[in-house]
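Chain residues, written in single-letter form:
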Amino acid sequence: MTEPLAGRHALVTGGGRGIGAAIARQLLSLGASVTITGRDAARLRAAAAEMGERAFGIAMDVTDPAAIEAGFAEAAKRFGPIAILVNNAGIAKAAPFGKTDLTMWDDILRTDLTGAFLCAKAAVPGMLAVGWGRVVNVASTAGLTGLAYCTAYCAAKHGLIGLTRALARELALKPVTVNAVCPGYTETDIVETTLDNIVAKTGRPREDALADLVAQNPQKRLIKPQEVAEAVGWLCLPGSASITGQSIAVAGGELM
Ligand code: NDP
């Protein structure tokens, strides 16, 4: 079957750029209708227009519970009940522990962890009502191991994996699976910003900073957004029904 997700409605948070946009395109190629969300309404409109008539963009800040409620209602009006939720929206900030203040901690936890919790709360009842669903959380290798200078980000992504595992167990007797994908360093704005920060803080040449990130991947390269999207697409297939509660590293062997 060339379009195994035909008739399914997927919502991808942070779907206007980076990994989220690749996931949205992948789900479209598998036949789903896709709502992409984020904070930048103009970017979302342009991205959805470029993706085609089965794509729709909605401005929805995942740190705002009222915006999530309104966004999910608008999405359901456009393409019907949401069968696939991809919690991809996220921010990454690095700082030594001594400089990680409560504001930074709260920003990261609210976006990367609480945002996913709120979106799952909004989506799962509809999946149970229609009798089919997939939740895929875009975590990180930082959700599976500790990284220096990333206490808040690691805590948020470890939390997201905890949410994934607990919800998967709770829904195991229902036709809804819950999984996480854990990318290593991937070619998106997040890595560009990380490199800018390393250069600004250390004065090191950009190529050296990039070489350090690449060295963490045994394949000695950055991951491509499409590679993460392929893993997410596979988890959403009807045939992946037995895969639940998993946290799959897409990281060239960085973690084993
Ligand atoms: P980008 O910075 O390219 O994209 C981040 C996306 O999240 C944007 O679409 C942005 O949309 C959205 N977003 C951020 N904050 C909010 C918010 N408060 N409400 C709604 N949307 C928000 O990064 P990536 O594509 O790289 O990151 C996607 C996910 O992958 C993140 O969860 C990240 O942690 C994870 N990841 C990335 C890795 C990497 O190396 N790139 C490695 C491991 C994991 P907008 O600006 O419109 O709000």
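Residues numbered from 1 in each chain as written. Predicted model: local features only at pLDDT ≥ 70, side-chain atom pairs only at ≥ 80, totals over all residues. Heavy atoms only, no water.

### What about the nonpolar core?
- Ile23, Leu27, Val34, Ile84 and Val181 are the most contacted members of the largest nonpolar core, which has 34 residues in total.
- Counting residues per element, the ones that place at least two in this core are β1 (9-13), α1 (18-29), β2 (33-38), α2 (41-51), β4 (84-87), β5 (133-138) and α8 (225-236).
- Sequence-distant contacts of Val181, defined by excluding residues within four places in its chain, comprise Val136, Asn137, Val138, Ala139, Ser140, Val228, Ala231, Val232, Leu235, Ile248 and Val250.
- Counting residues in each nonpolar core, the second largest holds 21 residues, with Met60, Leu85, Cys119 and Val135 among its members. (Core = buried A, V, L, I, M, F, W, Y, C linked by side-chain atoms within 4.5 Å. Buried < 20%, exposed > 50% of the residue type's maximum accessible area, 1.4 Å probe, protein only. Helix = DSSP H or I, 4+ residues; strand = E, 2+ residues; numbered from the N terminus. Contact = heavy atoms within 4.5 Å.)

### Let's talk about the site of the ligand
- Near the ligand you find 29 residues, and of these Arg39, Asn88, Tyr153, Thr186 and Thr188 are the closest.
- Arg17 is positioned such that a nitrogen or oxygen atom in its side chain is 2.9 Å from an oxygen atom of the ligand.
- The contact in question runs from an oxygen atom of the ligand to an N or O atom on the backbone of Asn88, over 2.8 Å.
- Out of a free accessible area of 880 Å², the ligand has 96% covered by protein chains.
- Contributing elements (two or more residues each) for the shell around the ligand: α1, α5 (151-170) and α6 (189-202).
- Looking at which element gives the most residues to the shell around the ligand, the answer is α6, with three residues.
- Its residues placed into classes, the shell around the ligand shows twelve nonpolar, eleven polar and six charged.
- Counting contributing residues per domain, the shell around the ligand is built from domain 1 (9-185 + 224-249) and domain 2 (188-222), each supplying no fewer than three. (Near = heavy atom within 4 Å. Polar contact = N/O pair within 3.5 Å; in protein donor to acceptor, adjacent residues only side chain to side chain. Areas by Shrake-Rupley, 256 points an atom, 1.4 Å probe, with all protein chains shown as cover. Nonpolar A, V, L, I, M, F, W, Y, C, P; charged D, E, K, R; others polar. Domains from an automatic or database assignment.)

### Let's talk about the environment of Glu3
- The topology assignment puts Glu3 in the segment before β1.
- Residue class for Glu3 comes out partly exposed when judged on its relative accessible area of 35%.
- Placed 87 residues apart in sequence, Glu3 and Gly90 show a C-alpha to C-alpha distance of 29 Å.
- Those residues in contact with Glu3 that lie beyond four places of it in its chain are Ser29, Leu30, Gly31 and Arg54.

### Side note on the domain arrangement of the protein
- Taken domain by domain, the protein holds domain 1 (9-185 + 224-249) and domain 2 (188-222).
- The C-alpha centroid of domain 2 is placed 25 Å from the C-alpha centroid of domain 1.
- Facing the ten residues of domain 1 at the interface are nine residues of domain 2.
- Buried area between domain 1 and domain 2, both sides added, is near 820 Å², and the carbon and sulfur share of it is 57%.
- For Arg221, the salt bridge goes to Glu227, with nearest N and O atoms at 2.9 Å.
- At the level of elements, α1 and α8 are the ones that each hand at least two residues to the side of domain 1 that touches domain 2.
- Residue classes in the side of domain 1 that touches domain 2 are distributed as five nonpolar, two polar and three charged. (Buried area = accessible area lost by both parts, 1.4 Å probe. Salt bridge = Lys/Arg side-chain N within 4 Å of Asp/Glu carboxyl O.)

### Brief notes about the pattern of salt bridges
- Tallied over the entire structure, the rule returns ten salt bridges.
- Between Arg43 and Asp40 there is a salt bridge whose closest N-O contact spans 3.4 Å.
- Classification of Arg43 as partly exposed rests on a relative accessible area of 34%.
- Of the residues examined, Asp40 reaches a relative accessible area of 35% and is grouped as partly exposed.
- Here Lys93 ties to Asp107 by a salt bridge, and the two come within 3.2 Å at their closest N and O atoms. Of this pair, Lys93 sits in the loop between β4 and α4 (102-130) while Asp107 sits in helix α4, and the two are 14 residues apart along the sequence.
- Residue Lys93 is classed as partly exposed on the basis of its relative accessible area of 35%.

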